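# Breakdown of the fold
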Amino acid sequence: MHFTPTSASWMNMVEIFFGIITRQAIRRGTFTSIGDLVSAIRTFIDAYNERCEPFLWTKTADDILSKAKRKTISDTRQ
């Protein structure tokens, strides 16, 4: 079983990756065509995949699950 922090999701990881590509491969680049842009992105992704490392979670599953059990603070009907 894989635990994801309660404040994160796979979409956050996608957004982070797009931010990395933007900062390291696209921003301040000069691309004379869409083909040049696609080539720069593919080159970046190939190099990124060669040196990538998995994310390391610093919390245990028990820590994450204990925070996921939130207390009801309102008296509204359900």
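Here, every reference points to the structure presented above.
Residues numbered from 1 in each chain as written. Predicted model: local features only at pLDDT ≥ 70, side-chain atom pairs only at ≥ 80, totals over all residues. Heavy atoms only, no water.

A full pass over the atoms with the stated rule returns 2 aromatic pairs. Residues phenylalanine 17 and tyrosine 48 carry aromatic rings whose centres are separated by 5.1 Å and whose planes lie at 70° to one another, so their mutual orientation is edge-to-face. Linking phenylalanine 17 in helix α1 (residues 10-26) with tyrosine 48 in helix α2 (residues 34-51), this pair joins segments that are 31 residues apart in sequence. Classification of phenylalanine 17 by relative accessible area gives partly exposed; the value is 25%. (Phe/Tyr/Trp six-rings, centres within 6.5 Å; stacked < 30°, edge-to-face > 60°. Helix = DSSP H or I, 4+ residues; strand = E, 2+ residues; numbered from the N terminus. Buried < 20%, exposed > 50% of the residue type's maximum accessible area, 1.4 Å probe, protein only.)

Here we take up the packing of α1 against α2. Here α1 crosses α2 at 115°, and the two axes come no closer than 10 Å. It follows from the interaxial angle that α1 and α2 lie roughly perpendicular. At the point where α1 passes α2, the crossing takes the right-handed sense. Judged by residue contacts, Phe17, Ile20, Ile21, Gln24, Ala25 and Ile26 of α1 engage Leu37, Ala40, Ile41, Phe44, Ile45, Tyr48 and Arg51 from α2. For the contact of α1 with α2, the residue count by class is 11 nonpolar, 1 polar and 1 charged. (Axes fitted to C-alpha atoms, helices over the stretch in contact; angles between N-to-C directions. Parallel < 35°, antiparallel > 145°, perpendicular 65-115°, else oblique. Left-handed = near helix turned anticlockwise from the far one by under 90°. Contact = heavy atoms within 4.5 Å. Nonpolar A, V, L, I, M, F, W, Y, C, P; charged D, E, K, R; others polar.)

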